[in-house]
Amino acid sequence: MLNDLNMWNKIGRIVMRLSERLEVDTERALDIFYSSKTCRNLHDPEMGLYLLADNCIVEDILAEIRE
(Lines give C-alpha, C1' and ligand atoms only; values in the text may rest on other atoms or scores of the structure.)
Protein backbone atom coordinates (compact mmCIF):
# COMPACT_ATOMS: atom_id res chain seq x y z
CA MET A 1 0.00 0.00 0.00
CA LEU A 2 1.14 3.53 -0.70
CA ASN A 3 2.00 5.77 2.21
CA ASP A 4 -0.32 8.73 2.79
CA LEU A 5 1.82 11.27 0.92
CA ASN A 6 2.17 9.06 -2.15
CA MET A 7 -1.57 8.30 -2.12
CA TRP A 8 -2.42 12.02 -1.96
CA ASN A 9 -0.05 12.69 -4.87
CA LYS A 10 -1.63 9.86 -6.88
CA ILE A 11 -5.13 11.16 -6.19
CA GLY A 12 -4.05 14.67 -7.21
CA ARG A 13 -2.70 13.41 -10.52
CA ILE A 14 -5.84 11.36 -11.15
CA VAL A 15 -8.12 14.31 -10.40
CA MET A 16 -6.12 16.61 -12.69
CA ARG A 17 -6.32 14.10 -15.56
CA LEU A 18 -10.00 13.51 -14.91
CA SER A 19 -10.59 17.27 -14.99
CA GLU A 20 -8.82 17.52 -18.34
CA ARG A 21 -10.63 14.54 -19.87
CA LEU A 22 -14.09 15.69 -18.74
CA GLU A 23 -13.34 19.38 -19.31
CA VAL A 24 -14.59 20.29 -15.82
CA ASP A 25 -12.95 22.26 -13.05
CA THR A 26 -10.83 20.41 -10.51
CA GLU A 27 -13.42 20.81 -7.75
CA ARG A 28 -16.01 18.97 -9.88
CA ALA A 29 -13.43 16.33 -10.85
CA LEU A 30 -12.60 15.81 -7.17
CA ASP A 31 -16.29 15.32 -6.41
CA ILE A 32 -16.63 12.82 -9.25
CA PHE A 33 -13.54 10.95 -8.07
CA TYR A 34 -14.62 10.69 -4.43
CA SER A 35 -18.13 9.60 -5.48
CA SER A 36 -16.81 6.74 -7.59
CA LYS A 37 -16.54 3.05 -6.86
CA THR A 38 -13.02 3.30 -8.25
CA CYS A 39 -12.07 5.63 -5.40
CA ARG A 40 -13.29 3.12 -2.84
CA ASN A 41 -11.31 0.39 -4.60
CA LEU A 42 -8.21 2.58 -4.71
CA HIS A 43 -8.30 2.88 -0.93
CA ASP A 44 -8.75 -0.88 -0.46
CA PRO A 45 -5.26 -2.43 -0.22
CA GLU A 46 -6.60 -5.87 -1.14
CA MET A 47 -7.78 -4.58 -4.54
CA GLY A 48 -4.29 -3.43 -5.50
CA LEU A 49 -5.70 -0.67 -7.70
CA TYR A 50 -3.04 1.72 -6.40
CA LEU A 51 -0.52 -0.29 -8.43
CA LEU A 52 -2.12 0.72 -11.74
CA ALA A 53 -1.03 3.71 -13.79
CA ASP A 54 -2.97 6.91 -13.19
CA ASN A 55 -4.38 6.85 -16.74
CA CYS A 56 -5.79 3.36 -16.18
CA ILE A 57 -7.56 4.54 -13.05
CA VAL A 58 -8.97 7.55 -14.91
CA GLU A 59 -10.25 5.20 -17.62
CA ASP A 60 -11.97 3.11 -14.92
CA ILE A 61 -13.73 6.22 -13.60
CA LEU A 62 -14.78 7.25 -17.11
CA ALA A 63 -16.16 3.74 -17.69
CA GLU A 64 -18.17 4.07 -14.47
CA ILE A 65 -19.62 7.35 -15.68
CA ARG A 66 -20.63 5.79 -19.00
CA GLU A 67 -22.50 2.97 -17.26
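The text that follows walks through the structure, step by step, so that each part is easy to find. None of the values given here were measured: they were computed from a predicted structure.

Once that is clear, we can look at the pattern of salt bridges. Scanning the entire structure with this criterion turns up five salt bridges. Note that Arg-28 and Asp-31 form a salt bridge whose closest N and O atoms lie 2.9 Å from each other. Here Arg-28 pairs with Asp-31, and both are found in helix α2 (residues 26–34), just three residues apart, close to one helical turn. Accessibility expressed as a relative area gives 43% for Asp-31, which makes it partly exposed. Through salt bridges that share partners, Lys-10, Arg-13, Arg-17 and Asp-54 make up one connected network.

Where α2 is concerned, the buried positions are Ala-29, Ile-32 and Phe-33. One face of α2 carries all of its buried residues, which in axial projection span an arc of 100°. Against the buried residues of α2 lie α1 (4–22), α3 (37–42) and α4 (54–66). The N-capping residue of α2, defined by a side-chain oxygen 3.2 Å from the backbone nitrogen of Glu-27, is Asp-25.

Moving on, we get to the nonpolar core. Core analysis: the largest hydrophobic core is formed by 16 residues, its most contacted members being Ile-11, Ile-14, Leu-18, Phe-33, Leu-42, Ile-57 and Ile-61. For this core, the secondary structure elements donating two or more residues are α1, α2, α3 and α4. Of the residues forming this core, the biggest block, five residues, is contributed by α1.

Criteria and cut-off values
- Residues numbered from 1 in each chain as written.
- Predicted model: local features only at pLDDT ≥ 70, side-chain atom pairs only at ≥ 80, totals over all residues.
- Heavy atoms only, no water.
- Salt bridge = Lys/Arg side-chain N within 4 Å of Asp/Glu carboxyl O.
- Helix = DSSP H or I, 4+ residues; strand = E, 2+ residues; numbered from the N terminus.
- Buried < 20%, exposed > 50% of the residue type's maximum accessible area, 1.4 Å probe, protein only.
- Arc of directions from axis to C-beta.
- Contact = heavy atoms within 4.5 Å.
- Polar contact = N/O pair within 3.5 Å; in protein donor to acceptor, adjacent residues only side chain to side chain.
- Core = buried A, V, L, I, M, F, W, Y, C linked by side-chain atoms within 4.5 Å.

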